[in-house]
Number of protein chains: 2
Amino acid sequence: MPDKLHTKYVLDEREMPRAWYNIIPDLPHPLAPVLHPGTRQPVGPDDLAPLFPMGLILQEVSTERYIEIPEPVRQIYTQWRPSPLYRARQLEQALDTPARIYYKYEGVSPVGSHKPNTAVAQAYYNQQAGVKKISTETGAGQWGSSMAMAGAFFGIEVEVFMVKISYQQKPFRRSMMQAYGATVHASPTNLTQAGRSILAQDPDGLGSLGTAISEAVEVAASSGGTIKYALGSVLNHVLLHQTIVGEETLLQMAQADDYPDVVIGCAGGGSNMAGLAFPFIRERLNRGLNTRFLAAEPTACPSLTKGVYAYDFGDTVGMTPLMKMHTLGHDFVPAGIHAGGLRYHGMAPLMSLLHEDGILEAQAYAQNNIFAAAVEFARAEGIIPAPESAHAICAAINEALEAKEAGEERVILFNLSGHGHFDMAAYDAYFEGKLQDFEYPAEAIADATTRLPQVDETALVPGD
Amino acid sequence: MPDKLHTKYVLDEREMPRAWYNIIPDLPHPLAPVLHPGTRQPVGPDDLAPLFPMGLILQEVSTERYIEIPEPVRQIYTQWRPSPLYRARQLEQALDTPARIYYKYEGVSPVGSHKPNTAVAQAYYNQQAGVKKISTETGAGQWGSSMAMAGAFFGIEVEVFMVKISYQQKPFRRSMMQAYGATVHASPTNLTQAGRSILAQDPDGLGSLGTAISEAVEVAASSGGTIKYALGSVLNHVLLHQTIVGEETLLQMAQADDYPDVVIGCAGGGSNMAGLAFPFIRERLNRGLNTRFLAAEPTACPSLTKGVYAYDFGDTVGMTPLMKMHTLGHDFVPAGIHAGGLRYHGMAPLMSLLHEDGILEAQAYAQNNIFAAAVEFARAEGIIPAPESAHAICAAINEALEAKEAGEERVILFNLSGHGHFDMAAYDAYFEGKLQDFEYPAEAIADATTRLPQVDETALVPGD
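Residues numbered from 1 in each chain as written. Chains lettered and ligands numbered in written order. Predicted model: local features only at pLDDT ≥ 70, side-chain atom pairs only at ≥ 80, totals over all residues. Heavy atoms only, no water.

Caption draft 1: Fine view of the packing of helix H11 (residues 236–255) of chain A against helix H12 (residues 271–287) of chain A. Residues and elements named next belong to chain A. The geometry of H11 relative to H12 is characterised by a closest axis approach of 6 Å and an angle of 55 degrees between their N-to-C directions. Taken together, the axes of H11 and H12 lie oblique to each other. Crossing of H11 against H12: the hand is right-handed. Taking contact as the criterion, the partners of Val238, Leu239, Gln242, Thr243, Val245, Gly246, Glu247, Thr249, Leu250 and Met253 in H11 are, on H12, Ser271, Ala274, Gly275, Leu276, Phe278, Pro279, Phe280, Arg282 and Glu283. A breakdown of the residues in the contact of H11 with H12 according to their chemical character gives 10 nonpolar, six polar and three charged. (Axes fitted to C-alpha atoms, helices over the stretch in contact; angles between N-to-C directions. Helix = DSSP H or I, 4+ residues; strand = E, 2+ residues; numbered from the N terminus. Parallel < 35°, antiparallel > 145°, perpendicular 65-115°, else oblique. Left-handed = near helix turned anticlockwise from the far one by under 90°. Contact = heavy atoms within 4.5 Å. Nonpolar A, V, L, I, M, F, W, Y, C, P; charged D, E, K, R; others polar.)

Here you go:
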């Protein structure tokens, strides 16, 4: 039984874990190879070299279980890490539940979310490779502001393609990137072929994460090697960097003398959920535990619950390598929900595989439900969550109420990936009853499937 | 010499100090009595009872050196306290200074500033007195959102009069208060006599903190005892509650094996500066140290550097008791600088007295300078500061550069009272070159002095 009065479990920076955890060697089944978009055959490290520095490429394909966090990255992590683990005592009381609810809070980072965990690492490996400029995209702006900050720390210029609807709705995230010294464009732009082709089809289009990725990739790919590209989720190395979250949480749960029955995260590209969950999945596999893992996604963009598991592009135009993942189709443009960070057509290959293997459950939530959960949480715990993180809260509250109904002491752990201080317009819309709930139409998935890239999986070299 | 690599000094919640520090018994000279606005004679506790619960009134006049923090307040404090103390290693490097710079960061609270330290305490004592509703005012919204959150925690309804210009410029702080369940009005309103009389003089007026205070005080005073009033700065009990900041910092500086030569805070009403400084002033007085204390205020509202030390009202209309303090005159409406939390005509009586006694230095800074300092800080340390806190940063950077010039190892400590995530429009204006620098006109102070309330101080009972 945990200490009755403890609310916040902190670690000194000297207790911060020294390695990221790579789940690849522990997977029950091997990850499907990444394919070249032209040849549709497995890519090697050199194929990725135009986009990423070799340090990150080697992490992308590494089979080492632990990868040491470089000292300069650790030093910057200490700016906000180790982040606190909270016991949600006031929420438990409000719900009158026998469940014990814990949340890891990543909103203490300077930009207010978990994204700097990988942005700082990516900036470091780029700097080591002598890179002077990085291009990237951003949806809601969490990732773009993290990359902008990391660029400022390592003296790297950052150019951000920000989805136009977010650029208009969230001007303050744009301001934040500029405060860190980054250049920000509303995507689609006229600056790239990809942008121009999308604008030709729809001059008033509000953009999508897939399109912004196409633009940022094009800038790097056509730079002759002077500009590299950075992605804020989906890829193995990004999920790897986030595992610092779960490694810390394991130590903090031990401080609390408790252990989760269910681990929850919101899932867009998959990195914040993976960051918390992967070290706990390792413990489940190694120690034969029954821990459940639950990904919370929006009904408007339900890649895990409604998507197909197939090879697809990471971007809209089809410039990126093909990854086997849960996808709603690379040309799917999700409805304009306020959880902009979850509006992505695909799901990280690692998360997708774990879902296929039955380790990772998934559940989709409608927008008004997640805001109701967010407000209940804010009034009990104080922290106003980002709409993305509110999906995890909604799932956690459901679990706590189920536990109450069943009269059981369920231990619930979730990742509160960020605060909602840049999302107050969404709260206004919720209180004014103006939020629409979007359901992903059943026929859309069948339609999108017809445009998936064709891959003959039997022709792939086995074991690659 | 401090540990070379330590960046962040954390305390476990069980190490959190158990008492607030009351500086009154340690003052070199007694504090001038608070006067009744009608009789202009010293008020007793009963005179304040229409506005405040007795628990807070007794703290206002207490001469006990330490006042124990009640357990329910401590429990809520642990949501974000103890807050971290940072060594600003990256800023030191950017400035190439031999100075060691430390900052206490209060932006980790759920609303992003130091204000909940007193809001939670005030809500608690009101709840203990059976109060069901609190009226208050807010400028930039930091205080209003803190009181709204504290009200949600203790089941107390909160009504906020928000200065109209802030209501319009900072809609998201309004949203935040509403998310916590508070009612928010743009002041001046038609709901109070005070508001109506101000509107009659100037129907398009954008309001001021003084006017909003008049409205909130009137709501409480005319409620027949059912509604109490709460203030976010200036008063002794408010400064008292903030001393948890300095008490923690003393422990953390000891962890760092270091001690400040100069302690800095921004000063509007004076509470965040007092919170950090008072425990260090105690140490200076008790241990005969030479520690300097520097209040950083805006040139647009320079109550310490340009104001007179005299009796004045706390509000515009003249409803509050008279306090002896540095003041620019109760009808002074400061220019619309973005540091809304520093736009107050007066300064806490305790801070004012310490300035008179030569313990507290003061320096005024222009708006463009403080934003330049804020941007330099953000690019080095990551945290984007509130414009209020940027005054302290500006002062700290000046001290660090002086130390560099003098070639001395000055140890600088400042209070980073909050983050600037709700202030990005101000950063935009700065980058666009649209920020105006305001100087308080020399003739204004002479003019304002003519309207100060007349008090015959020789007629006051000595020693009161």
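Caption draft 2: Quick peek at the interface of chain B and chain A. Residue-level contacts link 52 residues of chain B with 52 residues of chain A. Summing both sides of the interface, chain B and chain A together bury roughly 4200 Å²; the carbon and sulfur share of this comes to 52%. On inspection of chain B and its partner chain A, the count reaches two salt bridges. The interface formed by chain B and chain A contains 26 residue pairs in polar contact (both at pLDDT 80 or more). Counting only elements with at least two residues in the side of chain B that touches chain A, the list comes to helix H3 (71–77), helix H4 (89–95), helix H6 (142–154), helix H8 (171–179), helix H15 (367–381) and helix H17 (424–431) of chain B. Looking at the side of chain B that touches chain A, the element that brings in the most residues is H8(B), giving six residues. Of the residues belonging to the side of chain B that touches chain A, the class tally is 27 nonpolar, 13 polar and 12 charged. (Buried area = accessible area lost by both parts, 1.4 Å probe. Salt bridge = Lys/Arg side-chain N within 4 Å of Asp/Glu carboxyl O. Polar contact = N/O pair within 3.5 Å; in protein donor to acceptor, adjacent residues only side chain to side chain.)

Caption draft 3: Just the packing of aromatic side chains, in detail. What the rule picks out here adds up to 33 aromatic pairs over all chains. Their ring planes at 25 degrees and their centres at 5.8 Å tell us that Phe371(A) and Tyr430(A) sit as a pair that is stacked. In this pair, Phe371(A) sits in helix H15 (residues 367–381) while Tyr430(A) sits in helix H17 (residues 424–431), placing the two residues 59 residues apart along the sequence. Counting every residue linked through ring pairs, the aromatic cluster contains Tyr86(A), Tyr103(A), Tyr105(A), Phe377(A) and Phe414(A). It is Arg173(B) that lies over the ring of Phe422(B); its NZ or CZ is 4.1 Å from the centre. It is Arg287(B) that lies over the ring of Tyr259(B); its NZ or CZ is 5.3 Å from the centre. (Phe/Tyr/Trp six-rings, centres within 6.5 Å; stacked < 30°, edge-to-face > 60°. Lys NZ or Arg CZ within 6 Å of the ring centre and 35° of its normal.)

Caption draft 4: Inspection of the relation of the copies chain B and chain A at higher detail. The operation relating chain B to chain A is a screw motion whose rotation component is 180 degrees, with 0.0 Å of axial translation and a residual RMSD of 0.0 Å. Both copies are brought into coincidence by an operation consistent with a two-fold rotation axis. In this assembly, 100% of the residues forming the interface of chain B have copies in chain A that are likewise at the interface, indicating an isologous arrangement. (Least-squares fit on C-alpha atoms with pLDDT ≥ 70 in both.)

Caption draft 5: Seen up close, the domain arrangement of chain A. Residues and elements named next belong to chain A. Here the domain parsing of chain A yields domain 1 (8–17 + 80–112 + 243–454) and domain 2 (21–66 + 114–236). Each of domain 1 and domain 2 was reduced to a C-alpha centroid, and the two centroids are 22 Å apart. At the interface, 54 residues of domain 1 touch 49 residues of domain 2. Summed over both partners, the interface of domain 1 with domain 2 comes to about 4300 Å²; 66% of that surface belongs to carbon and sulfur atoms. For the interface between domain 1 and domain 2, the tally reads one salt bridge. Broken down by secondary-structure element, the contributors of at least two residues to the side of domain 1 that touches domain 2 are H11, H12, strand E12 (308–313), strand E13 (322–327) and helix H14 (349–356). For the side of domain 1 that touches domain 2, the element with the highest residue contribution is H12, accounting for seven residues. Here the residues of the side of domain 1 that touches domain 2 sort into 27 nonpolar, 17 polar and 10 charged. (Domains from an automatic or database assignment.)

Caption draft 6: Local environment of the pairing of strand E13 (residues 322–327) of chain B. Residue and element names in this part refer to chain B. Within E13, six of the six residues are buried, leaving the element largely enclosed by the surrounding structure. Two elements, strand E12 (residues 308–313) and E13, share six bridges in a ladder whose sense is antiparallel. Bridge pairing links Phe313 to Leu322 in E13. (Buried < 20%, exposed > 50% of the residue type's maximum accessible area, 1.4 Å probe, protein only. Pairing = 2+ DSSP bridges.)

Caption draft 7: Main features of the sheet that holds strand E6 (residues 133–138) of chain A. All names here are of chain A. As summarised here, the arrangement of the four strands in space is E8-E7-E6-E9, forming an open sheet in which the pairing is parallel. Only two strands of the sheet have a single neighbouring strand rather than two, namely strand E8 (183–187) and strand E9 (227–230). On average, each strand axis in the sheet is tilted by 25 degrees relative to the strand beside it, whichever way the strands run. Two elements, strand E7 (residues 157–163) and E8, share five bridges in a ladder whose sense is parallel. Its bridge partner being in E8, Val160 is matched across the sheet by Val184.

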